[in-house]
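# Overview (structure and organization)
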Amino acid sequence: MVSEPSLAEHAYVRGGDTQTPVKILVVGHFAVGKTTFIGSISEIPPLSTEERMTRAGETVDDLKGVAGKTTTTVAMDFGRLTLSERVVLYLFGTPGQQRFLQMWEAMARGALGALVLVDPERLADSFAVIDLIEQYGLDYAIAVNRFDGSPLREERALREALDLLDDTPVVTCDARDEKSSAQALITLVRYLQDRALQEQT
Ligand SMILES: Nc1nc2c(ncn2[C@@H]2O[C@H](COP(=O)(O)OP(=O)(O)OP(=O)(O)O)[C@@H](O)[C@H]2O)c(=O)[nH]1
Ligand SMILES: [Mg+2]
């Protein structure tokens, strides 16, 4: 089980301002848009560990619907987003494939919560990722990454399909769009703050 971080912990001083670094995981199944999301939003050049995919991977990673994809993240994505004078998000893009399981222990440590990117056309692919997040006891919000042409699924049906709790936030986003991605993160952070407050009372 991961240690219990809080928004008030690990405050550090920079340039006279007190800022709180908050570690957030951006997770999701293969090709759901994690690298795109962090790339669109990070205020520092995002660290990405992309490698060209080989034919050998075709049997492992399902390229249905993302045939133009030529690279995959082999370790993680990393980016930073200053949300306010007080809160700086450190974003860790974490692969959802089972073969990366051993990375989760390190990734989840100290994380305040997770944004789970979901492709509405591949909902079943998200089950394993959500199981992992719950296993690590992380609070999360769902961001439905709408690929062009994908039908807008009713939120209620999506909640049922993913077996979400009533208070788990669900937002729609376009991972390529900075504003839309920021909105998804703001929704997550507000939810995490509410959860932290609830735990205090
Ligand atoms: N049309 C559309 N394409 C998208 C969107 N988000 C991502 N893509 C494309 O989908 C493909 C996969 O995106 P990535 O960001 O590489 O996905 P990933 O989750 O990092 O993939 P892995 O690291 O390999 O698991 C890329 O070709 C993106 O350009 C979106 O919102 N709309
Ligand atoms: Mg990636």
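Preceding this paragraph is the structure being described.
Residues numbered from 1 in each chain as written. Chains lettered and ligands numbered in written order. Predicted model: local features only at pLDDT ≥ 70, side-chain atom pairs only at ≥ 80, totals over all residues.

## As for the overall build of the protein chain
Each helix and strand counted, the protein chain has five helices and eight strands in total. Put simply, the protein chain runs from its N terminus to its C terminus through helices and strands in the order β-β-α-β-β-β-α-β-α-β-α-β-α. Here the protein chain, with 201 residues, has 31% of them falling under the buried criterion. At a minimum sequence separation of 6, the contacts of the protein chain that also span at least 24 residues come to 72%. (Helix = DSSP H or I, 4+ residues; strand = E, 2+ residues; numbered from the N terminus. Buried ≥ 20, exposed ≤ 12 C-beta atoms within 10 Å, placed from the backbone. Contact = placed C-beta atoms within 7 Å.)

## Some details on helix H1 (residues 34-41)
The buried fraction of H1 is high, at six of eight residues. Inspection of H1 places Lys34, Thr35, Phe37, Ile38, Ser40 and Ile41 among the buried residues, and these make up the whole buried set.

## A few points about helix H3 (residues 127-135)
Within H3, the full set of buried residues consists of Val129, Ile130, Leu132 and Ile133. Buried residues along H3 cover an arc of 155° about the axis, so they all sit on one side. Away from its buried face by more than 90 degrees, H3 exposes Asp131, Glu134 and Gln135. Of the residues flanking the end of H3, it is Gly137, one or two places downstream, whose phi is positive at about 70°. (Arc of directions from axis to C-beta.)

## Examining the site of ligand 1
If you check the shell around ligand 1, you find 21 residues, and the closest are Gly33, Thr35, Thr36, Thr72 and Thr73. Contributions of two or more residues to the shell around ligand 1 are made by H1 and strand E4 (71-82). Ranked by the residues each element gives to the shell around ligand 1, the list is headed by H1, at three residues. Within the shell around ligand 1, the residues separate by chemical class into seven nonpolar, eight polar and six charged. (Near = placed C-beta within 6 Å. Nonpolar A, V, L, I, M, F, W, Y, C, P; charged D, E, K, R; others polar.)

## Points about the environment of Ala184
When you line up the elements, Ala184 lands in helix H5 (residues 178-200). A tally of 26 C-beta atoms within 10 Å means that Ala184 is categorised as buried. For the pair Ala184 and Val144, spaced 40 residues apart in sequence, the C-alpha separation works out to 9.3 Å. Those residues in contact with Ala184 that sit more than four places away from it in its chain are Leu115, Ala143, Val171 and Cys173.

## Re the packing of H1 against H5
In contact at an axis separation of 8 Å, H1 and H5 are set at 100° when each is read in the N-to-C sense. Considering the angle they form, H1 stands roughly perpendicular to H5. Judged by residue contacts, Phe37, Ser40 and Ile41 of H1 engage Glu178, Ser181 and Ala182 from H5. Classifying every residue of the contact of H1 with H5 by side-chain character gives three nonpolar, two polar and one charged. (Axes fitted to C-alpha atoms, helices over the stretch in contact; angles between N-to-C directions. Parallel < 35°, antiparallel > 145°, perpendicular 65-115°, else oblique.)

## Section: the nonpolar core
If you look at soluble globular proteins, the nonpolar side chains tend to sit buried side by side. Membership of the largest hydrophobic core comes to 41 residues, with the highest contact counts inside it found for Ile24, Val26, Leu115, Val116 and Ala143. Residue contacts for Ile24: discarding those within four places in its chain leaves Leu89, Tyr90, Leu91, Ala111, Leu112, Gly113, Ala114, Leu115 and Leu188. (Core = buried A, V, L, I, M, F, W, Y, C linked by C-beta atoms within 7 Å.)

## Observations regarding the environment of Arg153
The residue Arg153 is located in the loop between strand E7 (139-145) and helix H4 (155-162) in this model. Residue Arg153 is classed as partly exposed on the basis of its 17 C-beta neighbours within 10 Å. Separated by 32 residues in sequence, Arg153 and Glu121 have C-alpha atoms that sit 9.2 Å apart. Not counting residues within four places of it along the chain, the set of residues in contact with Arg153 comprises Pro120 and Leu158.

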